[in-house]
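Geometric and topological summary
Spelled out, the chains give:
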Amino acid sequence: MAAGDRRYILHFDWTLFILVLALAGIGLVSVISASYGGHKIIDPLVIRQLIWIAAGTAALLIAVLVDYRALQSYAYPFYVLVVGLLIAVMVAGHATGGSRRWINLGFFHLEPSELAKLAVVLVMVRYLREEPPKGGWGLQHLIVPFILLGVPAALVLKQPDLGTGLVLVLITITLIFVAGLNWRTMLVLAIAGMLAAPLSWHYLKPYQRQRLVSFINPQADPLGSGYHIIQSEIAIGAGGPEGKGFLNGTQARLNFLPEQSTDFIFAVFAEEFGLAGALLLLALYASVIARGAYIARHARDRFGALLAVGLTAIVFWQVAVNIGMATGMLPVVGITLPLVSYGGSSLIAMMAAMGILISINTRRYLF
């Protein structure tokens with residue numbers, strides 16, 4: 001074994017790797033629970049999730065082997081590719097449940113909006129990699145980032161996918177803030193955001209408006225727009241301190257809980273493993289986020305530091321929105337729980353992102 005290979009293995013970020021696999025394992029257990037009908041544990045959904053975990057692990061390891069600095073050259077081409085895929089979804093995408101989000105590849109339904117998160121992070125970091133001017137980035141410097149955000153965000157919202165669109169905005173705001181934003185610009189953007197919020201109401205779909213209204217009072221429409229929140233809160237509350245036990249949750253088993261293998265999988269897990277299980281899951285996510293912050297702080301260059309921030313922000317905001325949604329603290333917008341929810345595109349893209357994080361951390365010892 002060459003000296004470089006030994007150094008690479010020695011400094012491989014096993015901590016983050018194990019955390020990722022632990023979350024994927026919890027996801028598999030939760031998908032088994034969500035798909036269990038009382039007869040057989042190995043549902044086709046479970047088999048597919050196993051395949052996605054294997055493919056995601058392969059994507060992670062491939063990403064680890066790639067020098068993250070090379071991604072600077074591919075940021076814009078990858079962004080253009082993803083925008084093209086988002087346009088293709090609008091033209092010939094596969095529609096399910098009123099949303100057109102997938103491209104049917106025969107063996108796999110690709111969801112380009114999951115790739116859009118990586119694409120936005122890469123192009124933002126590519127643009128913001130230079131040191132900010134004296135006093136920080138001003139409004140005139142943010143025209144390009146807003147355009148880079150606006151194109152995929154608009155296409156994602158058109159699907160419609162409000163949850164992913166919101167996450168794209170939050171990721172961009174996080175990166176711009178960390179990159180060195182002028183405080184006056186922060187104030188202007190904050191005021192503009194507050195003024196724009198009421199105007200955005202007119203661009204929402206009727207069911208999206210109803211979900212926002214039902215967030216304030218779910219009981220006003222318990223069998224309609226408030227149903228998701230009510231059933232999720234019932235499932236989480238029914239878990240108690242220690243939970244009902246594996247495969248013993250009733251909300252998912254009796255199909256009261258909607259989108260139980262994707263958007264509301266946290267409620268499935270919390271019902272069966274209780275407060276103790278929910279706290280363990282939150283601790284694992286907190287560890288991943290803390291590890292990402294550590295990698296960003298100790299990266300050898302500005303590009304690596306900002307890239308680590310962006311990738312960590314994907315995890316942070318998706319967890320915050322998904323769990324906030326499941327617990328009734330935020331409106332239902334539809335977003336998966338990273339590494340836990342069922343889905344090939346989301347799982348593979350997220351594990352690839354974690355592989356890039358490991359690459360950033362590993363290579364600080366090699367150059």
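Residues numbered from 1 in each chain as written. Predicted model: local features only at pLDDT ≥ 70, side-chain atom pairs only at ≥ 80, totals over all residues. Heavy atoms only, no water.

1. Overview of the packing of helix α5 (residues 112-128) against helix α14 (residues 344-363)
Selection criterion: Axis angles are defined between N-to-C directions and span 0 to 180 degrees, where every axis is a line fitted to C-alpha atoms and, for a helix, only to the segment in contact. Helix and strand assignments follow DSSP, with helices taken as H or I runs no shorter than four residues and strands as E runs no shorter than two, numbered in order from the N terminus. These descriptions rest on fixed angle ranges, namely under 35 degrees for roughly parallel, over 145 for roughly antiparallel, 65 to 115 for roughly perpendicular, and the rest for oblique. Two helices cross in a left-handed way if the nearer one is turned anticlockwise from the farther one by less than a right angle. They cross in a right-handed way if the turn is clockwise. We call two residues contacting when some pair of their heavy atoms lies within 4.5 Å. Polar here means any residue outside two lists: the nonpolar Ala, Val, Leu, Ile, Met, Phe, Trp, Tyr, Cys and Pro, and the charged Asp, Glu, Lys and Arg; Gly therefore counts as polar.
Contact geometry of α5 with α14 gives a least axis separation of 8 Å together with a crossing angle of 20°. The orientation of α5 relative to α14 falls into the category roughly parallel. In this structure, the crossing between α5 and α14 has a hand that is right-handed. Listed contacts from α14 to E114, L115 and L118 of α5 are S345, S346, A349 and A353. Along the lines of polarity and charge, the residues of the contact of α5 with α14 split into four nonpolar, two polar and one charged.

2. Brief notes about the packing of helix α6 (residues 143-158) against helix α7 (residues 162-180)
Two quantities define a packed helix pair, namely the angle between the helix axes and the distance between the axes. Viewed as axis vectors pointing N to C, α6 and α7 meet at an angle of 165°, and their least axial separation amounts to 8 Å. Considering the angle they form, α6 stands roughly antiparallel to α7. Seen along the crossing, α6 lies across α7 with a hand that is right-handed. The residues of α7 that touch α6, namely those facing P145, F146, L149, P152, A153, V156 and L157, are L162, T164, G165, L168, V169, T172 and I176. In the contact of α6 with α7, the residues fall into eleven nonpolar, three polar and no charged.

3. Considerations on the packing of aromatic side chains
Put simply, the rule reads: A pair of aromatic rings is counted whenever rings of Phe, Tyr or Trp (Trp by its six-membered ring) have centres within 6.5 Å, and the orientation is called stacked for planes under 30 degrees apart, edge-to-face for over 60 and tilted otherwise. Here the term buried applies to any residue with accessible area under 20% of the maximum for its type, exposed to any over 50%, and partly exposed to those in between, with areas from a 1.4 Å probe on protein chains only.
Summed over all chains, the structure comprises eight aromatic pairs. Between W52 and F108 the ring centres are 5.1 Å apart and the planes differ by 65°, which places this aromatic pair in the edge-to-face class. Highlighted residues: W52 in helix α3 (residues 44-65) and F108 in the loop between β2 (99-104) and β3 (109-110), separated in sequence by 56 residues. W52 gets classed as buried once you look at its relative accessible area, which sits at 14%. Judged by its relative accessible area of 12%, F108 is buried. Residues Y68 and F303 carry aromatic rings whose centres are separated by 6.4 Å and whose planes lie at 5° to one another, so their mutual orientation is stacked. Placement of the pair is Y68 in the loop between α3 and α4 (71-92) and F303 in helix α13 (residues 302-326), with a sequence separation of 235 residues.

4. A few points about the pattern of salt bridges
The test is simple: Salt bridge, as used here: a side-chain nitrogen of Lys or Arg that lies within 4 Å of a carboxyl oxygen of Asp or Glu.
Going through the model one piece at a time under the given rule, you end up with six salt bridges. Among the ionic pairs, K117 bridges to E114, the shortest N-O distance being 2.9 Å. Note that K117 and E114 are positioned in helix α5 at a spacing of three residues, about one turn of the helix. Each member of the pair K117 and E114 is classed as buried.

5. Structural notes on the sheet that holds strand β1 (residues 94-96)
The criterion, for reference: A strand pair is defined by DSSP finding two or more bridges across the two strands.
Strand order in the open sheet formed by three strands is β1-β2-β3, with antiparallel pairing between adjacent strands. With partners counted over all chains shown, the strands left at the sheet margins are β1 and β3, one partner each. Taken together, the two bridges between β2 and β3 define a ladder with antiparallel strand orientation. Each bridged residue has a counterpart across the sheet, and for N104 the counterpart in β3 is H109.

6. A short note on the nonpolar core
Applicable threshold: What we call a nonpolar core is a set of buried Ala, Val, Leu, Ile, Met, Phe, Trp, Tyr and Cys residues that are connected through their side-chain atoms within 4.5 Å.
One finds L281, L307, L311, L337 and M354 to be the most contacted residues of the largest nonpolar core, which totals 112 residues. Tallying contributions element by element places α13 first for this core, with 15 residues. The residues contacting L307, other than those within four sequence positions of it, are Y68, L71, V121, L122, V125, I356 and I360.

7. Describing a nonpolar patch on the surface
Our working definition: Put simply, a patch holds well-exposed residues, over 30% relative accessible area, that have no salt bridge, with like charges counted together within 9 Å and Val, Leu, Ile, Met, Phe, Trp or Tyr side chains within 5 Å. The accessible surface values rely on the Shrake-Rupley method and a 1.4 Å probe; as for residues, cover is taken only from the protein chains in view.
Together, W183, L187, I191, M194 and L195 line one region of the surface with nonpolar side chains, adding up to about 590 Å² of accessible area. Structurally, I191 is set in helix α8 (residues 183-200). According to the relative accessible area criterion, I191 is partly exposed, its value standing at 40%.

8. Things to note about the environment of V340
As for its placement among the helices and strands, V340 is situated in the loop between α13 and α14. A relative accessible area of 1% places V340 in the buried class. Excluding residues within four positions of it along the chain, V340 makes contact with L23, G27, S30, V31, Q49, I265, L281 and Y285.

9. Remarks on helix α10 (residues 227-239)
Going by this rule: By definition here, a helix of n residues has an expected span of 1.5 Å times n minus one.
Over its 13 residues, α10 extends 19 Å from the first C-alpha to the last, a length consistent with the 18 Å expected when each residue adds 1.5 Å. Among all positions in α10, only H228, I229, I230, Q231, S232, A235 and G239 are buried.

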